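Structure at a glance
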Amino acid sequence: MTDDSSSKSDYSHLTKEQCLELVSSLFQRERSDRIEKATEAFKKIHPNASKEMIHTLVFHVFVDGTRAALDWLAGAEILLREQDDTELYGHTIHLLYHLYNWYQFKKLAPLETEKIPGILKEMKEAVANNDLEWVQNSIEELEGIYEGEWDAENYT
């Protein structure tokens, strides 16, 4: 890896062996260590994210998500050995659930600094126009964003 910042996050050049070594290292960490380091990293990367958002992100990536990815890969090998994709389907849905939540967080995180001020301005205008239903719906939406209430079934 070079010091060039444009390639800093491009890991496509890693060999299969290097990827397997990184995965092995990840799974050799104690669960509490993964959670602690992930929480610190996500707080640093997303300083405006709420505690609940960070907690949700850590869960989907470093608690249940990593296991879902491992189960999916194991299910792929089982398919090759047993010619049966029953287990792979369930593992795929489980992994997609966590990947979707990660993706959703990455899309919602900019709301903290980009869109929320605009929503608040519109809410003030709605209050001035006595459109309390719009205000109530907006408040509930904002609460959901800050509480990390992301359910893949509601966003598909």
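These notes cover the structure that comes with them. The residue count restarts for each chain, going from 1 along the sequence in the order it is written. Side-chain atom pairs in this predicted model are given and counted only at pLDDT of 80 or more, local residue features only at pLDDT of at least 70, and totals for whole chains, interfaces and linings cover all residues. Excluding hydrogens and water, the side-chain figures rest on all heavy atoms present in the structure.

1. A look at the nonpolar core
Remark: nonpolar core denotes a set of buried residues (Ala, Val, Leu, Ile, Met, Phe, Trp, Tyr, Cys) joined through side-chain atoms within 4.5 Å. Buried, partly exposed and exposed residues are distinguished by accessible area as a fraction of the type maximum, computed with a 1.4 Å probe on protein chains only: under 20%, between the cut-offs, and over 50%, respectively. The biggest cluster of nonpolar side chains holds 11 residues, and these are A38, F42, A49, M53, I54, L57, V58, V63, F105, L108 and A109. Each helix corresponds to a stretch of at least 4 residues labelled H or I by DSSP, and each strand to a stretch of at least 2 residues labelled E; elements are numbered beginning at the N terminus. Only helix 2 (31–45), helix 3 (51–82) and helix 4 (86–108) provide two or more residues apiece to this core. The element best represented in this core is helix 3, accounting for 5 residues. Among the nonpolar cores identified, the runner-up in size contains 6 residues, and I116, I119, A126 and L142 belong to it.

2. Observations regarding the packing of aromatic side chains
Aromatic rings from Phe, Tyr and Trp, with only the six-membered ring used for Trp, were paired whenever their centres fell within 6.5 Å, and each pair was classed as stacked if the ring planes differed by under 30 degrees, edge-to-face if by over 60, and tilted otherwise. Summed over the entire model, instances satisfying the criterion amount to 3 aromatic pairs. With 5.9 Å between their ring centres and 55° between their planes, F42 and F62 make a pair best called tilted. Of this pair, F42 sits in helix 2 while F62 is found in helix 3, placing the two residues 20 residues apart along the sequence. Exposure remark for F42: the relative accessible area of 6% places this residue in the buried category. For the pair Y100 and Y103, a centre-to-centre distance of 6.4 Å together with 45° between the ring planes defines the contact as tilted. Taken as a pair, Y100 and Y103 lie in helix 4 at a separation of 3 residues, close to a single helical turn.

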